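Here are the chains, one letter per residue:
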Amino acid sequence: MDLSGLNGPQREAVLHDGGPLVVFAGAGSGKTRVITMRIARLVAEQGVAPWRILAVTFTNKAAGEMRERLEHLVPGGAKGLQVGTFHSTCARLLRLNAEAAGVKKDFVIYDDQDQQAMVKRVMGDLNLDPKQLPPKQIAGAINRAKQEMTSPEEMATEGDPYREMVRRIYTLYEERMGKAGALDFGDLIYRFVRALEKNEELRQHLAGRFLHQLVDEFQDTNHAQLRLVRALASVHRNLVVVGDDDQSIYRWRGADRRNILDFRGAYPDARVVKLEQNYRSTQRILRVAHSVISKNHDREPKELWTENPEGDKVLVVRCEDERDEARMVVRGVQELQNKGASLAEVAVFYRTHAQSRVLEEGLRQANLPYRIVGGVRFYDRAEVKDLLAYLRVIQNPGDDISLMRVVNVPARGIGKTTLTRLLEDAARTGSSVWDAIDENAGSGPARKLAQFKEMMERLRSSAKTLPLEDLPGMVLDESGYLEMLRADDSPEADARRENLQELVGSIQQFAEEHDEPTLASFLEDVTLASVADEQSDGAKVTLMTVHAAKGLEFDTVMVTGLEERMFPMRGTDPAEDPEEMEEERRLAYVAFTRARQRLILSYASVRHIYGQVRPGDPSRFVLDVPREDAVWIGVEPRRSGMASARPYRPDPWDRPSLPARGGRGGWGIRSGRDDDAYDEPARDHADFGGADDAWQPGGKPKSARGRDEAESYVDYSEGSDMGGFAPGMRVRHPKFGVGEVRRVEQGMVPKADVIFPGWGKKTLAIQYLTPA
DNA sequence: CAGAGTGCCCTTTTT
DNA sequence: GGGCACTCTG
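Rules used throughout
- Residues numbered from 1 in each chain as written.
- Chains lettered and ligands numbered in written order.
- Predicted model: local features only at pLDDT ≥ 70, side-chain atom pairs only at ≥ 80, totals over all residues.
- Heavy atoms only, no water.
- Helix = DSSP H or I, 4+ residues; strand = E, 2+ residues; numbered from the N terminus.
- Buried < 20%, exposed > 50% of the residue type's maximum accessible area, 1.4 Å probe, protein only.
- Contact = heavy atoms within 4.5 Å.
- Salt bridge = Lys/Arg side-chain N within 4 Å of Asp/Glu carboxyl O.
- Pairing = 2+ DSSP bridges.
- Axes fitted to C-alpha atoms, helices over the stretch in contact; angles between N-to-C directions.
- Phe/Tyr/Trp six-rings, centres within 6.5 Å; stacked < 30°, edge-to-face > 60°.
- Parallel < 35°, antiparallel > 145°, perpendicular 65-115°, else oblique.
- Left-handed = near helix turned anticlockwise from the far one by under 90°.
- Nonpolar A, V, L, I, M, F, W, Y, C, P; charged D, E, K, R; others polar.
- Polar contact = N/O pair within 3.5 Å; in protein donor to acceptor, adjacent residues only side chain to side chain.
- pLDDT = per-residue confidence, 0-100.

**As for the overall build of chain A**
Here is step 1: For chain A, the helix and strand inventory stands at 29 helices and 24 strands.
Here is step 2: Expressed as a percentage of the 772 residues in chain A, the buried residues total 54%.
Here is step 3: Residue pairs at least 24 apart in sequence account for 74% of intrachain contacts in chain A once pairs closer than 6 positions are excluded.

In structure tokens:
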């Protein structure tokens, strides 16, 4: 194996003989490379059978990449290798050892929504008011208990009535989940670890099988996951954990940095390797990132360094409001594009999904292709979940939550009263809803229930012989679901049909890719798919939350919304846990270190939240940027207008003598070596964006009054030019052909409702329309 | 019983 | 600004 491309510490980790090893791998330090080369070496040179190696990651995508790289290094070597996420690994091992673990072999996996529905139902049975005790909160408490490996019986309540109540719900919840043959996300780890710890034979068997174990992103493991890792390493102790405590960003779902920081405590003989050479970013970016993270306490001491060039200064841009910020993003992307950069190499980050909307609008207006990672996930869409629910009932009729979801979709005349009675019957007799249907003979609605059940029985028996890929089509037909969508001529129904088609397509793909495709394995795959697994395709700007960005890298990174209480979102109040702020700081660190070449930070003086105006102070993470490492654009006292929103507050970096008005417009993103470009910032915002409203199509520039007033955003919605479009007009669209305008809608993005023969009504931005 | 309409809460972040 | 649960009406 050729190790010549590795640096010293990397080589040390790859060649480490056996026993426990912890690798502190800084951002961009070649971590994945080390893991894959280590596995490759084990297989190719140490003769370890691939099936005796377990590699655990946090996303399916990371697992897939690892597999792919390994296949490249050792052709055929990845075959049999156990690579997966914590959840998928446990799901598989649970299914293989269902009996020993005390779970049903054909269990279904409940996602958060299903889990909450179950909690709600249990609370209903206990006569508890969901308004006083939000099911979501209870579900959170149950999840936390499972992360801590705490059963309902073990739950300490100390007489506290609230916790007593949680425990009661938790107890009944567990009972119902068992009856339904369902496991929630937390169960996958919790049940399996329980089994390993209680069943010595099982532990010996599985821990004996895995000669080597490698765990990625170890800083994000929770307590249950730690117990899992330790149990599986208990026989051979060949355990390698890799991670970076500075990139631990999942505290809110139980991640505990102590797991990596205290690894040496758990394994006193552990070797420690630190990867501190960065191969990704410029020196400048690393310096700026370090200035943010170094303020945290209780870190493993380390500092990234690089042989890469110094690099451009970071850009800090102050914007009026979020729309202004969107415009600044658009300008920046266009400028990069003009310089020949690929849009696939540009990413825009934000703290919460809600911030994406305005950015999207801006990019769409400017005709810039983009993709959003996360947000409303494909598998979370109602129609997709409906079809999946049908499939789950086919697999497991005891799955009450799925059954209740679809029993009256499409409408079958089974109403609320009927369903309430059904649920009560099931609760009383301790049976599943499916079985309770039989008890309900006689009345009118009962007939309809019986018909539903007959239909499902038919589908169930068909499913036994039918190839997996033919099943969804049959379900859609027999259930009347497709008919329901056909009868609906709204554009939404079209979109739903397309989504279902996509789902059917993914089932077909799944069937092709697997030797023995089963319904159970497909459903498991789908439920455990993660945001990060979404495909990247084509030259598009990527929009995502910082959380979703972990593990990725781009030439250009724009971090938006850098305002106090936005990013950092939590921990700004001294009453809060200081750990909150430290996590926000890590999040900023993760964001900054995604950038290879260029880092652009922006914040808005004013932001609209829930439709309300909220003034924003620049984030402390922006203030941490060393002054000389950035160009500060638009950062100066405002001339007027702000007083009404809040008292004027000077920016800490306000420079009394800014250079005279704008040497260069635009961003000064350099293609050549013009070193001074960045040191001559445009004096104010009006300059760097160019005079006109770049992403207002056919619209007029902002009014003269707007620029210095906090309320200037109002201008966008006033009197926009409809480009001559009016109801009754015939127009042409590149995709839908010729149609008739029904309604026009003024606004920042002028739109029109158009009826297209064969497509139905579509609401479209007028820029895509031409008179026909 | 179904569909339309209204008020409420909301927001981290996700396997 | 939006999604969702609940209420009102046909």
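**Focus on the pattern of salt bridges**
Here is step 1: As enumerated under the stated definition, the model contains 63 salt bridges in all.
Here is step 2: For Asp216, the salt bridge goes to Lys31, with nearest N and O atoms at 3.3 Å. Taken together, the positions of Asp216 in the loop between strand 6 (212-215) and helix 11 (223-232) and Lys31 in helix 2 (residues 31-44) put the pair 185 residues apart, joining distant regions of the chain. For the residue pair Asp216 and Lys31, the accessibility class agrees, reading buried in each case.
Here is step 3: Among the ionic pairs, Arg163 bridges to Glu158, the shortest N-O distance being 3.5 Å.
Here is step 4: In this structure Arg163 comes out as partly exposed when scored by relative accessible area, which is 35%.
Here is step 5: What makes Glu158 exposed here is its relative accessible area of 66%.

**Focus on the sheet that holds strand 11 (residues 314-319)**
Strand pairing within a sheet occurs via backbone hydrogen bonds; the two strands may be parallel or antiparallel.
Here is step 1: Strand order in the open sheet made by the 7 strands is 13-14-12-15-16-11-19, with parallel pairing throughout. Where the open sheet ends on each side, the last strands, each with one partner, are strand 13 (370-372) and strand 19 (630-633). Averaged over neighbouring strand pairs, the angle between their axes works out to 20 degrees when direction is ignored.
Here is step 2: Alignment of strand 15 (residues 554-559) against strand 16 (residues 595-604), held across 5 bridges, turns out to be parallel. Note that in strand 16 the partner of Phe554 across the bridge is Ala595.
Here is step 3: In the packing of helix 14 (residues 283-293) onto the sheet, contacts are made with strand 11 and strand 16, and the angle to strand 16 comes to roughly 45 degrees.
Here is step 4: Helix 16 (residues 356-365) rests against strand 12 (346-350), strand 13 and strand 14 (541-545) of the sheet, and its axis sits at about 160 degrees to strand 13.

**Details of the environment of Glu45**
Here is step 1: Its place among the elements puts Glu45 in the loop between helix 2 and strand 2 (53-57).
Here is step 2: For Glu45, a relative accessible area of 42% corresponds to the partly exposed category.
Here is step 3: Here the alpha-carbon distance between Glu45 and Arg421, two residues 376 residues apart in the chain, equals 65 Å.
Here is step 4: If we skip the residues at most four places from it in the chain, Glu45 touches Met1 and Ala40.

**Thoughts on the packing of aromatic side chains**
Here is step 1: Inspection of the entire model under this criterion finds 7 aromatic pairs.
Here is step 2: Ring geometry for Phe349 against Phe554: centres 6.3 Å apart, planes inclined by 75 degrees, an arrangement best described as edge-to-face. Of the two residues, Phe349 sits in strand 12 while Phe554 sits in strand 15, which places them 205 residues apart along the sequence.
Here is step 3: You can call Phe349 buried: its relative accessible area is 0%.
Here is step 4: The exposure class assigned to Phe554 is buried, which follows from its relative accessible area of 6%.

**Here's the deal with the environment of Pro20**
Here is step 1: Mapped onto the fold, Pro20 is located in the loop between helix 1 (8-15) and strand 1 (21-25).
Here is step 2: Counting along the chain gives 451 residues from Pro20 to Leu471, while the straight-line C-alpha distance between them is 47 Å.
Here is step 3: When residues no more than four places from it in sequence are discounted, the contact partners of Pro20 are Arg237, Leu239, Phe263, Tyr267, Asp269, Ala270 and Arg271.

**Quick look at the packing of helix 2 against helix 3 (residues 60-73)**
Here is step 1: Contact geometry for helix 2 and helix 3: axes closest at 9 Å, N-to-C directions at 50 degrees. With respect to helix 3, the element helix 2 is oriented oblique. Crossing hand, helix 2 versus helix 3: right-handed. When helix 2 is examined against helix 3, the residues Thr32, Arg33, Ile35, Thr36, Met37, Ile39 and Ala40 are found in contact with a partner set consisting of Met66, Arg69, Leu70 and Leu73.
Here is step 2: Residue composition of the contact of helix 2 with helix 3, by class: 7 nonpolar, 2 polar and 2 charged.

**Some thoughts on unusual backbone geometry**
Here is step 1: Going from Val409 to Pro410, the amide bond is cis rather than trans, its omega being 0 degrees.
Here is step 2: Along the chain, Pro410 falls in the loop between helix 18 (400-406) and helix 19 (416-429).
Here is step 3: For the bond from Phe567 to Pro568, the omega torsion is 10 degrees, close enough to zero to count as cis.
Here is step 4: Even without being glycine, Glu158 reaches a positive phi, approximately 50 degrees.
Here is step 5: Take Glu158: it is sitting in the loop between helix 7 (135-147) and helix 8 (161-180).
Here is step 6: Phi is positive for Arg237, close to 60 degrees, though the residue is something other than glycine.
Here is step 7: You can see Arg237 is positioned in the loop between helix 11 and strand 7 (239-243).
Here is step 8: Exposure remark for Arg237: the relative accessible area of 32% places this residue in the partly exposed category.

**Concerning the side chain of Gln115**
Here is step 1: Inspection of the secondary structure puts Gln115 in helix 6 (residues 112-125).
Here is step 2: The class for Gln115 is buried, based on a relative accessible area of 2%.
Here is step 3: A polar atom in the side chain of Gln115 sits 3.4 Å from the side chain of Asp184.
Here is step 4: Residues contacting Gln115, with those up to four places away along its chain left out, are Tyr110, Ala139, Ile142, Asn143, Tyr173 and Asp184.

**Details of the pairing of strand 6**
Here is step 1: Residues His212 and Leu214 of strand 6 are buried on one face, and the alternating residues Gln213 and Val215, pointing to the opposite face, are buried as well.
Here is step 2: Here strand 2 pairs with strand 6 via 4 bridges, running parallel. Residue pairing across strands places Val56 opposite Val215, the latter belonging to strand 6.
Here is step 3: In the sheet, strand 6 pairs with strand 7 via 3 bridges, with the strands oriented parallel. The residue bridging Leu214 from the neighbouring strand is Val240, located in strand 7.

**Description of the environment of Arg209**
Here is step 1: With respect to the element layout, Arg209 can be found in helix 10 (residues 200-209).
Here is step 2: Along the backbone, Arg209 and Ile53 are 156 residues apart, and their C-alpha atoms lie at a distance of 8.4 Å.
Here is step 3: Residues contacting Arg209, with those up to four places away along its chain left out, are Trp51, Arg52 and Gln82.

**What to know about helix 11**
Here is step 1: Counting buried residues along helix 11, 7 of its 10 residues qualify, which places the element largely inside the surrounding structure.
Here is step 2: If you check which residues of helix 11 are buried, you get Ala224, Gln225, Leu226, Leu228, Val229, Ala231 and Leu232.

**Focus on the confidence of the model for chain A**
Here is step 1: In the predicted model, chain A carries a mean pLDDT of 81, and the fraction of residues at 70 or more is 81%.
Here is step 2: Low confidence marks residues 637-719, where pLDDT is under 50. Its contacts with residues over four positions away, or in another chain, come to 160 contacts.

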